[in-house]
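As a plain string of letters, each chain reads:
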Amino acid sequence: MEQVSHVLKLLGDKTRLTMVTILKQRECCVCEFSEVFEMSQPSISQHLRKLKDAGLVKEERRGQWIYYSLNVQNQYYRLIDDILKHIPEQDEKINQIIQCNPTAKCGCES
């Protein structure tokens, strides 16, 4: 019960819930989230750290850059997936990432 409560608290934050919704569709770098949320990279990294510490997201290092994706192996993935079915898709934010191409600006483009 404690762990489920923690997962729900993490997803109770609008920014983190939106991040998880985006990560359901595609992996992202911190700079991409910074562009979409108009937040500093340290702020974005804090949100991602909380999600990673809970095992909800995983990271993959590519050179000096880290890409984040939803951890479908997490024991609460089915719960998260059920919740995300009730959340509007974030196509507008994903299109913003694609159009702005922040990875090219920061140099983390693979």
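Residues numbered from 1 in each chain as written. Predicted model: local features only at pLDDT ≥ 70, side-chain atom pairs only at ≥ 80, totals over all residues. Heavy atoms only, no water.

(A) How the structure looks around the overall build of the protein. Within the protein, the regular secondary structure consists of seven helices and three strands. Across the protein, helices and strands are ordered from the amino to the carboxyl terminus as α-α-β-α-α-β-β-α-α-α. In terms of C-alpha radius of gyration, the protein reaches 13 Å, essentially the compact-globule figure of 13 Å for 110 residues. In terms of overall dimensions, the protein has C-alpha extents of about 45 × 30 × 20 Å along its principal axes. Split into buried and exposed, the 110 residues of the protein put 42% on the buried side. Within the protein, counting contacts between residues at least 6 apart in sequence, those at least 24 apart form 63% of the total. For the protein, the exposed area adds up to about 6700 Å²; of that, 46% sits on carbon and sulfur atoms. Counting 15 positive and 15 negative side-chain charges, the protein places the averaged centre of each group 4 Å from the other. (Helix = DSSP H or I, 4+ residues; strand = E, 2+ residues; numbered from the N terminus. Rg over C-alpha atoms; globule rule 2.2 N^0.38 Å. Buried < 20%, exposed > 50% of the residue type's maximum accessible area, 1.4 Å probe, protein only. Contact = heavy atoms within 4.5 Å. Areas by Shrake-Rupley, 256 points an atom, 1.4 Å probe, with all protein chains shown as cover. Lys, Arg positive; Asp, Glu negative; His and termini not counted. Charge placed at Lys NZ, Arg CZ, Asp CG, Glu CD.)

(B) View of the sheet that holds strand 1 (residues 28-29). On the basis of which strands lie adjacent, the open sheet formed by three strands has the order 1-3-2 and antiparallel pairing. Looking along the sheet, the strands with just one partner apiece sit at the ends: strand 1 and strand 2 (57-62). Bridge count for strand 1 against strand 3 (residues 65-70) is two bridges, and the pairing is antiparallel. Within strand 3, the position partnered with Cys29 by the bridge is Tyr67. (Pairing = 2+ DSSP bridges.)

(C) How the structure looks around the pattern of salt bridges. Scanning the model with the defined rule gives seven salt bridges in all. Close ionic contact of Glu32 with Arg26 constitutes a salt bridge, the shortest N to O distance being 3.5 Å. What makes Glu32 buried here is its relative accessible area of 5%. The partner of Lys52 in a salt bridge is Glu59, and the shortest N-O contact between them spans 3.8 Å. Each of the salt bridges in this network shares a partner with another, and the network as a whole consists of Glu27, Glu60 and Arg62. (Salt bridge = Lys/Arg side-chain N within 4 Å of Asp/Glu carboxyl O.)

The analysis is restricted to geometry; functional conclusions fall outside its scope.
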